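# A structural walkthrough
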Amino acid sequence: MSEAERRRKGVFLVFCMFVGMGIGFILIEQLGGLGFVASMFIGMGVGFLLDALIAVEKRRIAVKIPIKAGGLVSMLIGALFIAGGGLAIAAPELLKRYAVQFVGLGMIAAGVYLMLFGYSYVKAKT
């Protein structure tokens with residue numbers, strides 16, 4: 001597979017994060033500063049999910065369910081970000097109580113994702 005035909009990664013994450021931040025700025029008056037952070041997390045979560053599900057190849061876009069561990073972990077990270085952002089809006093007191101645990105789970109998921117991403121560059125020589 002040539003370089004032009006390879007799947008582009010990270011296309012939606014930054015886009016969705018900035019859209020979420022823009023929505024967060026709009027919601028600051030209604031929800032306070034927590035609305036900004038929650039909207040950014042929801043945008044990042046949607047970006048992770050879209051990056052895992054949608055493949056941008058050369059001149060076409062294909063929706064594929066990831067069967068590799070990296071794609072599944074990316075979807076898990078996206079779901080955690082969306083849940084954290086939704087929780088920040090719905091029950092901010094609960095988020096404050098368990099913030100350390102949520103950050104810990106997020107770091108574990110990000111570490112697993114980076115490990116699996118790194119394994120994709122390691123090729124065994126036969």
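For the structure, check the block above.
Structural notes, computed from the coordinates. This is a predicted model, so every value here is computed, not measured.

### A word on the overall build of the protein chain
Check the secondary structure of the protein chain and you find 5 helices and 2 strands. Going from N to C terminus, the protein chain has its helices and strands arranged as α-α-β-β-α-α-α. Taken across its 126 residues, the protein chain has 28% of its residues classed as buried. Partitioning the intrachain contacts of the protein chain with sequence separation of at least 6 by distance along the chain shows that 64% fall at a separation of at least 24. Total accessible area on the protein chain stands at roughly 8800 Å², and carbon and sulfur atoms take up 71% of it.

### Points about the environment of Ile65
Tracing the backbone through its elements, the reader meets Ile65 in the loop between β2 (60-63) and α3 (69-90). Distance from Ile65 to Ala55, taken between C-alpha atoms, is 9.7 Å for residues 10 residues apart in sequence.

### Some points on helix α1 (residues 11-31)
Relative to the 30 Å expected for 21 residues at 1.5 Å per residue, α1 spans 29 Å between its end C-alpha atoms, a close match to the ideal helical length. For α1, the principal kink sits at Phe25 and spans about 35°. Buried within α1 we find Phe12, Cys16, Gly20, Met21 and Gly24. On the buried face of α1, the contacting elements are α2 (33-53) and β1 (54-57).

Reading the values: rules and limits
Counting of residues starts from 1 at the beginning of each chain's written sequence and follows it residue by residue. With pLDDT at 70 or above as the cut-off, local features in this predicted model cover only qualifying residues; side-chain atom pairs require 80 or more to be listed or tallied, and sums for whole chains, interfaces and linings still use all residues. Derived side-chain values reflect all non-hydrogen atoms in the structure, with water molecules and hydrogen atoms excluded from consideration. Secondary structure elements are taken from DSSP: a helix is a run of H or I of four residues or more, a strand is a run of E of two residues or more, and numbering for both begins at the N terminus. Any residue under 20% of the maximum accessible area for its type is buried, any over 50% is exposed, and the rest in between are partly exposed; the area is computed with a 1.4 Å probe on protein chains only. For this analysis, residues touch if any pair of their heavy atoms sits within 4.5 Å. Areas reported here follow the Shrake-Rupley algorithm with a probe of radius 1.4 Å; residue values treat only the protein chains shown as occluding. Expected helix span is given by 1.5 Å per residue-to-residue step, counting one fewer step than there are residues. Axes are fitted to the seven residues ending at a residue and to the seven starting at it; the angle between these axes is taken as the bend at that residue.

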